[in-house]
Amino acid sequence: MDKIENKDILSIIDTVVKKTMTMDLTWEWPCGVAYYGICRAFELTKNQEYLAFLEDWTKCYIELGLPAWNVNTCAMGHTMLTLYKQTGEELYHDIIKSKVKYLRADALRFGDNVLQHTVSSGNDFPEQCWADTLFMAAFFLLRAGVMEKDEEIIKDALNQYYWHIEFLQNKENGLWYHGYSHVAKSHMSGIHWGRANAWAAYTMAQVKKLLSDWYLYPQCMEVECSLRDQLAALKYLQSENGLWRTILDDESSYEEVSATCGIAAAMIDNANPLHLPYVEKAAAGVLSNITEDGRVLNVSGGTAVMKDAEGYKQVPKRWIQGWGQGLALAFLVAYAELLKEKE
């Protein structure tokens, strides 16, 4: 890849944001991840157009009526945190508090208060934890707890990290499974799914950035070691094209861009200089999968814990997806910050 400069990345970020703004996203997890990416772009660039779009969209949706909360709809809490921080408007704060209340008091849990993954108001996946929950709920809880200076919320969030590590990380090779059934005491299909590892790596890499005194929380030491072992394993599974596969350790599975973005962003945020060659290789792979009009290519569709490896391999990857746009923006912003440091 030719040497890329920070101004080039900023231009690509703007293009991806603009394309994301054209998508008809609803108050759900695809939007939550997509708009998290726009929030990160705003934090980097201070482009008021991005913030105005998020405000207008949110206020329009409030008038239409907000959905019932579940783990997946709580992903929109990330945008509310940014809007409240930037504007101070209580309507955003009220939504944040409502989502926190739901997750803390009403959401289905099992075992040692582990959040069950839910996609509706029903009991979708009895006593199952999925790596997805870390981004949609635990990371949001941690951010909200830090903002509110509420130790109980922080401890609850870190408890989610702890148990998701315990249930989902393969301690033998450092990789993460997609899901775990507490009822069956199994990882179901037992697949090391790419995007699950991205959810885990990216959210774990944010903990030390959010908690300046992270070393005073025992669970944070678990997070640090879990992420260390995961990234050490992942670097060996990167393809020649700089991407990671939808099944990480299966070379017959396709290369997948959203997983690559989350993993590479985690490497940047974890700040281990030994990972920089893998980050640069990932940057080349990601940039080759972004069109001139800002569409992120080769992003796998929404994926439940599939029955077998073939189920994951057959998930389509030809459509634009909110999570692909959002994770790409998270990576591009982190990469722009990295390039800025080198200037």
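Up top you'll find the structure we're talking about.
Structure report, in brief.

Cut-offs and rules
- Residues numbered from 1 in each chain as written.
- Predicted model: local features only at pLDDT ≥ 70, side-chain atom pairs only at ≥ 80, totals over all residues.
- Heavy atoms only, no water.
- Helix = DSSP H or I, 4+ residues; strand = E, 2+ residues; numbered from the N terminus.
- Rg over C-alpha atoms; globule rule 2.2 N^0.38 Å.
- Buried < 20%, exposed > 50% of the residue type's maximum accessible area, 1.4 Å probe, protein only.
- Contact = heavy atoms within 4.5 Å.
- Expected span 1.5 Å × (residues − 1).
- Polar contact = N/O pair within 3.5 Å; in protein donor to acceptor, adjacent residues only side chain to side chain.
- Phe/Tyr/Trp six-rings, centres within 6.5 Å; stacked < 30°, edge-to-face > 60°.
- 1 Å grid on protein atoms, 1.4 Å probe; cavity = no way out; pocket = protein on both sides within 12 Å on 5 of 7 lines; lining within 4 Å.
- Points joined across faces, edges and corners; volume = space filled by probe spheres on them.
- Nonpolar A, V, L, I, M, F, W, Y, C, P; charged D, E, K, R; others polar.

## A look at the overall build of the protein
Of the regular secondary structure elements, the protein holds 13 helices and six strands. What you see for the protein is a C-alpha radius of gyration of 18 Å, in line with the 20 Å of a compact globule of 343 residues. Along the first, second and third principal axes, the C-alpha atoms of the protein reach 50 × 45 × 40 Å. In the protein, buried positions account for 58% of the 343 residues. Long-range contacts, defined as pairs at least 24 residues apart, comprise 69% of the intrachain contacts of the protein with a sequence gap of at least 6.

## Details of unusual backbone geometry
You will see that Asn113, though not glycine, has its phi angle at about 60°, which is positive. Looking at where Asn113 falls in the secondary structure, it is placed in the loop between β1 (109-110) and β2 (114-115). The phi dihedral of Glu127 is positive, around 50°, even though this residue is not glycine. Relative to the assigned elements, Glu127 resides in the loop between β2 and β3 (128-130).

## Let's talk about the side chain of Thr82
Mapped onto the elements of the fold, Thr82 is located in helix α4 (residues 77-87). Classification of Thr82 by relative accessible area gives buried; the value is 3%. In contact with Thr82, other than residues within four places in its own chain, are Cys39, Glu43 and Arg143.

## So, helix α13 (residues 322-342)
The end-to-end C-alpha separation of α13 is 30 Å, in line with the 30 Å expected for 21 residues at 1.5 Å each. Extensive coverage of α13 is indicated by the burial of 17 of its 21 residues.

## Comments concerning the side chain of Thr246
Relative to the elements of secondary structure, Thr246 occurs in the loop between β5 (244-245) and β6 (255-256). Overall, the relative accessible area of 1% leaves Thr246 in the buried class. At 3.4 Å, the side chain of Thr246 forms a polar contact with the side chain of Trp193. Leave out the neighbours within four places in its chain, and Thr246 touches His192, Trp193, Gly194, Ser253, Tyr254, Glu256, Ser300 and Tyr312.

## A few points about the packing of aromatic side chains
Per the stated rule, a full pass over the model turns up 22 aromatic pairs. Judged by centre distance (5.3 Å) and plane angle (90°), the rings of Tyr36 and Phe135 are edge-to-face. Of this pair, Tyr36 sits in helix α2 (residues 29-45) while Phe135 sits in helix α6 (residues 132-148), and the two are 99 residues apart along the sequence. Looking at Tyr36, the relative accessible area reads 5%, which means it is buried. Summarising the aromatic geometry, the rings of Phe139 and Tyr202 are spaced 6.4 Å apart at their centres and angled 80° between planes, so their arrangement reads as edge-to-face. Of this pair, Phe139 sits in helix α6 while Tyr202 sits in helix α8 (residues 194-210), and the two are 63 residues apart along the sequence. Using a relative accessible area of 2% as the deciding quantity, one classes Phe139 as buried.

## Some remarks on the layout of surface pockets
Quantified by volume, the largest pocket comes out at close to 460 Å³. Along the wall of the largest pocket there are 19 residues; nearest its centre are Arg40, Glu43, Lys85, Arg143 and Leu210. For the lining of the largest pocket, the secondary-structure elements that each account for two or more residues are α2, α4, α6 and α8. Residues that form the lining of the largest pocket fall into these classes: eight nonpolar, four polar and seven charged.

## Description of the environment of Arg245
Position of Arg245 among the secondary structure elements: in strand β5. Ignoring any residue separated from it by four or fewer positions in sequence, one finds Arg245 in contact with Gly194, Ser239, Asp250, Glu251, Ser253, Tyr254, Glu255 and Glu256. Among the polar contacts listed, one links the side chain of Arg245 to the backbone oxygen of Glu251, at a separation of 3.5 Å. A polar contact is formed between the side chain of Arg245 and the backbone oxygen of Ser253, at a distance of 2.8 Å.

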